[in-house]
Amino acid sequence: MTETRHTRLLIIGSGPAGYTAAIYGARAMLSPILLQGMQPGGQLTITTEVENWPGEVSIQGPELMQKMEHHAREMGAEIIVEHVVALDLSRRPFRAECDSGAAFTADALILATGAQAKWLGLPSEERFKGFGVSACATCDGFFYRGKEVVVVGGGNTAVEEALFLTNFATRVTLVHRRDSLRAERILQERLFRNPKITVVWNHVVEEVLGEQAPPGVTGVRVADVATGETRVIPCAGLFVAIGHAPASELVQGQLEMHHGGYVKVEPGSTRTSVPGVFAAGDLTDHVYRQAVTSAGMGCMAALDAEKFLAAEAGGSAAGLAAQ
Ligand code: NAP
């Protein structure tokens, strides 16, 4: 028989939104349980330096997330390595089933499952995933020592990945579909100053080229968006950094969403279309998507959840407001 545990407040996700919700939930004496998911610490665990977390001029992403986890535990949150595979929001208590067979029921739920990397959607990209095609320079950059690589994208992630890859690769080519980047100015300046990096503007990746036995990438065919003219950029690796999509599969068809699968919340709150279910961070935010804004939303979600539970119990949320 598998164990089913009940908690007043269940938090799913372990990025800045989840851990902040856990800190506030614990301080509100709700004894929250946080389920970490497949990637404890979330996306920041696969980045390098973080330079925009207030109070830390520069900190490694994994270290920042370890600190947040430690903080949440110290406040009294229970943090469990479980991956939720099914959620039932149709009745209360809400029910979460995990891949281990464990199940949790909860009076209130905070969803903070974040986002995951998007792919180009090319059959050749699929064929070489893990054999030269990657969405994580921090994870795989080391394999490209002394080799040439291509990064595709024009946002902060693409520029950070390109810069990071210069630590290993002899040459990094950034392929972008427009003639300007959307990355922050400070990152753009670092990119343009780096002699190992070349930017190929107004081009899209059409095909990943490579060999099958043993599998490996030898280049990418890119096309000019204006003329359609194609050419091959030789490389041993392609890093796809074209943004992220919300990890909302668990609540598909159960909660109202925006286009693109972002969970809809009432403006100025974290309340979703199901009373007692709150959403925070990249799962719901398609505008700011920063660690610090996610953390802010995690705080809001805990405050909203506490207010919801207190109203149900006929109590008051005044205690939390004073925290
Ligand atoms: P993003 O800002 O959405 O940028 C995605 C980039 O990929 C854009 O340049 C976009 O081109 C391009 N793109 C999208 N689909 C494409 C396709 N099918 N083919 C080719 N190119 C495509 O995503 P992100 O860079 O992952 O950043 C996500 C969020 O996290 C942002 O809010 C960012 O600020 C934040 N972030 C912050 C930091 C930091 O503060 N240090 C680091 C990483 C990420 P267009 O420009 O033409 O749309």
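Per-chain numbering applies: the sequence of each chain, read as written, is numbered from 1 onward. Owing to the predicted nature of the model, reporting of local features is limited to residues with pLDDT of at least 70; listing and counting of side-chain atom pairs is limited to 80 or more, with chain, interface and lining totals taken over all residues. Working from all heavy atoms in the structure, the side-chain values ignore hydrogens and water.

Asker: So, the site of the ligand: which residues are in play, and what are the values?
Answerer: We call a residue near a molecule or strand as soon as one heavy atom of that residue lies within 4 Å of the molecule or strand. Inspection of the region around the ligand gives 20 residues, with Asn52, Thr157, Glu160, Arg178 and Arg182 positioned closest. The separation between an oxygen atom of the ligand and a polar main-chain atom of Gly154 is 3.0 Å. By the criterion applied in these results, polar contacts are pairs of N or O atoms within 3.5 Å in which, for protein atoms, one can donate a hydrogen and the other can accept it, and in which residues neighboring in sequence qualify only through two side-chain atoms. A distance of 3.0 Å separates an oxygen atom of the ligand from a polar side-chain atom of Arg177. Per-residue and other accessible areas were derived by the Shrake-Rupley procedure at a 1.4 Å probe size, with only the shown protein chains allowed to occlude residues. In isolation the ligand offers 900 Å² of accessible surface; the protein chains occlude 80% of this area. Starting at the N terminus, helices and strands are each numbered in turn, a helix being any DSSP run of H or I of at least four residues and a strand any DSSP run of E of at least two. Looking at the shell around the ligand, the element that brings in the most residues is helix α5 (residues 156–165), giving three residues. For every domain, the bounds stem from an assignment made automatically or drawn from a database. When we break the shell around the ligand down by domain, the ones giving at least three residues each are domain 1 (4–116 + 244–322) and domain 2 (123–240).

Asker: Account for the domain arrangement of the protein, naming residues and giving values.
Answerer: Examined at the domain level, the protein breaks down into domain 1 (4–116 + 244–322) and domain 2 (123–240). Each side of the interface is counted separately: domain 1 has six residues, and domain 2 has seven residues. Buried surface at the junction of domain 1 and domain 2, both sides included, amounts to about 510 Å², of which 48% is carbon and sulfur. Buried area: the accessible area, evaluated with a 1.4 Å probe, that two parts lose upon being put together, summed over both parts. Broken down residue by residue, the surface that domain 1 buries against domain 2 is led by Ile46, Thr48 and Glu51, which jointly contribute 64%. In the sections that follow, a salt bridge refers to a side-chain nitrogen of Lys or Arg positioned within 4 Å of a carboxyl oxygen of Asp or Glu. Where Arg190 meets Glu51, a salt bridge forms, and the shortest distance between an N and an O atom there is 3.0 Å. Linking domain 1 to domain 2 there are two residue pairs in polar contact (both at pLDDT 80 or more). Three residue categories are used. Nonpolar comprises Ala, Val, Leu, Ile, Met, Phe, Trp, Tyr, Cys and Pro, charged comprises Asp, Glu, Lys and Arg, and polar comprises the others, including Gly. Partitioning the side of domain 1 that touches domain 2 into residue classes produces one nonpolar, four polar and one charged. Only heavy atoms matter for contacts: two residues are in contact if any of them lie within 4.5 Å across the pair.

Asker: I'd like a description of the packing of helix α1 (residues 16–27) against helix α2 (residues 61–75), backed by residues and values.
Answerer: For helices, the fitted axis covers only the stretch in contact; all axes are lines through C-alpha atoms, and the angles between them, taken along N-to-C directions, range from 0 to 180 degrees. It is the contact of α1 with α2, at a shortest axis distance of 8 Å, that shows an interaxial angle of 20°. By the angle class used here, α1 and α2 are roughly parallel. With respect to the hand of their crossing, α1 and α2 are arranged in left-handed fashion. Contacts between α1 and α2 pair Pro16, Tyr19, Ala22, Ile23, Ala26 and Arg27 from the former with Met65, Met68, Glu69, His71, Ala72 and Met75 from the latter. Of the residues belonging to the contact of α1 with α2, the class tally is nine nonpolar, one polar and two charged. Between 65 and 115 degrees an angle is taken as roughly perpendicular, under 35 as roughly parallel, over 145 as roughly antiparallel, and anywhere else as oblique. Helix crossings get a hand from a simple test, with the near helix turned counterclockwise from the far one by less than a right angle marking a left-handed crossing and a clockwise turn marking a right-handed one.

Asker: Quick one: what's the story with the sheet that holds strand β14 (residues 203–212), residue by residue and with numbers?
Answerer: Paired through their backbone hydrogen bonds, the strands of a sheet run either parallel or antiparallel. Strand pairing is defined by DSSP finding a minimum of two bridges between the two strands. In spatial order, the strands read β14-β15-β16; together these three strands make up an open sheet with antiparallel pairing. The open sheet has two edge strands, β14 and β16 (230–234), and neither has a second partner. Taken pair by pair, the neighbouring strands of this sheet meet at an average axis angle of 30°, ignoring direction.

Asker: Let's hear about the state of the cysteines: which residues, and what values?
Answerer: The disulfide criterion used throughout: a pair of cysteine sulfur atoms within 2.5 Å. All told, the structure shown has one disulfide when counted by the stated rule. For Cys136, the disulfide goes to Cys139, at an S-S distance of 2.0 Å. Its S-S torsion of about 80° marks the bond between Cys136 and Cys139 as right-handed, since a negative value means left-handed. For Cys136, a relative accessible area of 7% translates into the label buried. Its sulfur unpaired, Cys235 is 17 Å from the next cysteine sulfur, which belongs to Cys136. Accessible area is worked out with a 1.4 Å probe on protein chains only. A residue is then buried under 20% of its type maximum, exposed over 50%, and partly exposed in between.

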